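Architecture and fold: a report
The primary structure of each chain is shown beneath.
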Amino acid sequence: MTLSLHRSLVPVRRRTPWRPAHVAVLGAALLALAFSAALPAAAAAPSPDPTPRTARADVPSGVTAGVAVFDRRSGSFTEQVNPSLPFRSASVVKLLIALDLLGDRGPDALGAQDRARVDDMLRASDDDAASHFWAVNGGGAIIDRMVRKLGLTDTARPPATHPGYWGYTALSARDAVRIYRYLLDTAPAAVRDYVMDGLRSSTRCASDGYDQHFGIPSAFERPWAVKQGWSGFSSGGCTVPVRATPTARTGTPAVAGVDLDRPALHSTGTVGPDDRAIVAVLTLHPDGTSYGKAYTDLGRLTRSLNVPGAMRPAGTWIGTWGADVTVRADSTTTSRKLTVLPAGAEVLVSCQKRGQEVSIPPYTNDWWAYLPQYGGYVTNIYLSVPENQVPGLSLC
């Protein structure tokens, strides 16, 4: 499909709330999205965590969740939902792989190649690095050692039917909190600083092409440090080709008490100055759930939590539609491409302005929305609102 960008030929028309069901046919034409690299002057400053929140996390319908939020200042939990329920860890287990490798040594004890692998594993969630260390350091024995050392109660090596699947390690939300508490309060300073610096440097696009700034990174302003996990999805947005994360599809709902089939999306890490809060949100979604839907549901759940010390970004959360929706450096289709949104993901919008007119029949629009968390613009055509201009949203 070709974009009509000639203002003299196509008048700007008001959009209706209707959305085409056959989004896939838009194909590459949906790439006409953009974002501005410069922050608009009108952008509002983040505000501290506002008014008291509900006592219980807002778990979306159909989602199974394990949640634990620990306030390091008070030494108490502010949120717990199914805290001991085991999930398959997906890439969150890379924390244990890294801690086992480092032991009581600092990163200087690693060879250059191994250090580069750990860097990629922590920042870009590189699977090849995790598989390398899993193979050379004993596979499931890594988990056994970490369970003993950290005092984990719900963590277990992958089932005997899948010994090489490190992502099938069982992990609960409360054990994820214990891992971070060990890392922050017990691990040698060199280990703590190295691992936490890696988690603070989490890249938006993971090495397998998934947008990994869901949950904690989208719900809260920095400072934060995160290790995310995903399994069972086939498309994750971002700017590089996606490699589908392996799922065994066992045909049974669980193996050794851990669900290996339903799509999993997890967000774990620390939030606030001095890593005040430890947050662990582990989720399973109905079979066939898209990455964008899971991304949105996990975001809503995370935003509902009582997280001490958190700063929440200013703006309005708005749903999107379409696939391959591109974020660009300015409000034109020729501006530099920054990334691609997970299909259907909810995004934070801070302001809007007029730019290049874009036509995706039956829609035509010259308004563009600024997404502060991406640092760029997207055409308003792909926002799930009935008007060309988002009502009540300020100008950039």
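If you're wondering where the values come from, they're calculated on a predicted model, not measured in any experiment. (Residues numbered from 1 in each chain as written. Predicted model: local features only at pLDDT ≥ 70, side-chain atom pairs only at ≥ 80, totals over all residues. Heavy atoms only, no water.)

1. Let's talk about the packing of helix α1 (residues 94–102) against helix α2 (residues 112–123)
Selection criterion: Lines fitted to the C-alpha atoms define the axes, with helices restricted to the stretch that makes contact. Angles between their N-to-C directions range from 0 to 180 degrees. Helix and strand assignments come from DSSP, with helices taken as H or I runs of at least 4 residues and strands as E runs of at least 2, each series counted from the N terminus. Any angle from 65 to 115 degrees is called roughly perpendicular, while one under 35 is roughly parallel, one over 145 is roughly antiparallel, and all others are oblique. Here a crossing is called left-handed whenever its near helix is offset anticlockwise from the far helix by less than a right angle, and right-handed whenever the offset is clockwise. Residue contacts are counted whenever heavy atoms from the two residues lie within 4.5 Å of one another. Gly counts as polar in this scheme, as do all residues outside two lists: the nonpolar Ala, Val, Leu, Ile, Met, Phe, Trp, Tyr, Cys and Pro, and the charged Asp, Glu, Lys and Arg.
With their axes 10 Å apart at the nearest point, α1 and α2 run at an angle of 155 degrees to one another. The pairing of α1 with α2 is recorded here as roughly antiparallel in orientation. As for the relative orientation of α1 and α2, their crossing is left-handed in sense. Contact residues: α1 offers K94, I97, A98 and L101, while α2 offers V118, M121 and L122. Class assignment of the residues belonging to the contact of α1 with α2 gives a composition of 6 nonpolar, no polar and 1 charged.

2. Thoughts on the packing of α1 against helix α5 (residues 173–185)
It is the contact of α1 with α5, at a shortest axis distance of 11 Å, that shows an interaxial angle of 35 degrees. For the pair α1 and α5, the crossing hand works out as left-handed. Counting all contacts with α1, which are made through L95, L96 and L99, the residues of α5 involved are I179, Y180, Y182 and L183. Per-class residue counts for the contact of α1 with α5 are 7 nonpolar, no polar and no charged.

3. Some details on the pairing of strand β15 (residues 363–371)
Test applied: Between buried and exposed lies partly exposed: a residue is buried under 20% and exposed over 50% of the maximum accessible area for its type, with that area taken using a 1.4 Å probe on protein chains only. Should DSSP find at least two bridges between two strands, the strands are taken to pair.
Burial analysis of β15 places 9 of its 9 residues in the buried class, the great majority of the element. Residues Y363, N365, W367, A369 and L371 of β15 are buried on one face, and the alternating residues T364, D366, W368 and Y370, pointing to the opposite face, are buried as well. Pairing geometry for strand β14 (residues 351–360) and β15, over 7 bridges, is antiparallel. Pairing of I360 across the sheet is with Y363, part of β15. Count of turn residues in the β14/β15 antiparallel hairpin: 2 residues. Relative to strand β16 (residues 376–379), β15 is paired through 4 bridges, and the arrangement is antiparallel. Counterpart to A369 in the pairing with β16 is V378. Remark: 4 residues form the turn of the hairpin made by β15 and β16, two consecutive strands paired antiparallel; G375 in that turn has positive phi of roughly 70 degrees.

4. A look at the environment of G229
Position of G229 relative to the elements: it lies in strand β6 (residues 224–231). Separated by 136 residues in sequence, G229 and V93 have C-alpha atoms that sit 8.5 Å apart. With sequence-adjacent residues up to four places away left out, G229 is seen in contact with A90, S91, V92, F214, A264, L265 and H266.

5. Some thoughts on the sheet that holds strand β7 (residues 264–271)
Taken together, the 5 strands give an open sheet; going across it, the order is β3-β2-β8-β7-β6, and neighbouring strands pair in antiparallel fashion. Looking at which strands have only one partner, the edges of the open sheet turn out to be β3 (76–81) and β6. Put simply, the sheet's adjacent strands are angled 5 degrees from each other on average, direction ignored. Here strand β2 (residues 64–71) runs beside β3; their pairing, made up of 5 bridges, is antiparallel. Within β3, the position partnered with D71 by the bridge is S76. Docked against the sheet, helix α8 (residues 291–303) engages β2, β6, β7 and β8 (277–284), running at close to 35 degrees with respect to β7.

6. Description of the packing of aromatic side chains
Definition in use: Stacked, edge-to-face and tilted labels apply to pairs of Phe, Tyr and Trp rings (six-membered ring for Trp) whose centres lie within 6.5 Å, assigned for plane angles under 30 degrees, over 60, and everything in between, in that order. In this scheme, Lys NZ or Arg CZ marks a charge over a ring once it lies within 6 Å of the ring centre and within 35 degrees of the ring normal.
Taken as a whole and judged by the stated rule, the model has 12 aromatic pairs. Judged by centre distance (4.9 Å) and plane angle (75 degrees), the ring pair of Y210 and Y291 falls under edge-to-face. Here Y210, found in the loop between α6 (189–200) and α7 (216–219), pairs with Y291, found in helix α8; they are 81 residues apart in sequence, far enough to count as distant. The exposure class of Y291 is buried, given its relative accessible area of 2%. Among the aromatic side chains, those forming a connected cluster through ring pairs are Y210, F214, W230, F233, Y291 and Y295. Taking NZ or CZ as reference, R204 lies 3.8 Å from the ring centre of Y374, over its face. Over the ring of W224 we find R222; its NZ or CZ atom is 3.8 Å from the centre of that ring.

7. Some thoughts on the nonpolar core
Operational definition: Buried residues of nine kinds, namely Ala, Val, Leu, Ile, Met, Phe, Trp, Tyr and Cys, make up a nonpolar core once their side-chain atoms join them within 4.5 Å.
If you look at the biggest cluster of nonpolar residues, it comprises 53 residues, and the most contacted ones within it are L305, V307 and L383. A68, L152, I179 and Y180 belong to the second largest nonpolar core, which has 47 residues in total.

8. Description of α8
For the record, the criterion: Working rule for helices: expected span equals 1.5 Å times residues minus one.
Its 13 residues give α8 an end-to-end C-alpha distance of 18 Å, which sits within 8% of 18 Å, the value for a rise of 1.5 Å per residue. Taken across its 13 residues, α8 has 11 buried, putting it largely inside the fold. Every buried residue belonging to α8 is among Y291, G292, A294, Y295, T296, D297, L298, G299, L301, T302 and R303, and all of these are buried.

9. A few points about the pattern of salt bridges
Here is the rule: Any carboxyl oxygen of Asp or Glu that lies within 4 Å of a side-chain nitrogen of Lys or Arg is treated as forming a salt bridge with it.
Across all of its chains, the model carries 19 salt bridges by this definition. R157 serves as the salt-bridge partner of D144, at 2.5 Å between the closest nitrogen and oxygen. Note that D144 is positioned in helix α4 (residues 140–150) and R157 in the loop between α4 and β5 (170–171), a separation of 13 residues in sequence. Several salt bridges converge on common partners, so that one network encompasses R300, R303 and E346.

10. Some details on the state of the cysteines
For the record, the criterion: The disulfide criterion used throughout: a pair of cysteine sulfur atoms within 2.5 Å.
Per the stated rule, a full pass over the model turns up 2 disulfides. A sulfur-sulfur distance of 2.1 Å marks the disulfide that ties C205 to C238. Judged by the sign of its S-S torsion, about -100 degrees, the bond between C205 and C238 is left-handed. A residue pair is termed long-range when its members are at least 10 positions apart, and C205 in the loop between α6 and α7 and C238 in the loop between β6 and β7 qualify at 33 residues. The residue that forms a disulfide with C351 is C396, at a sulfur-sulfur distance of 2.0 Å. Taking the sign of the S-S torsion, 100 degrees for the link of C351 and C396, the bridge is right-handed.

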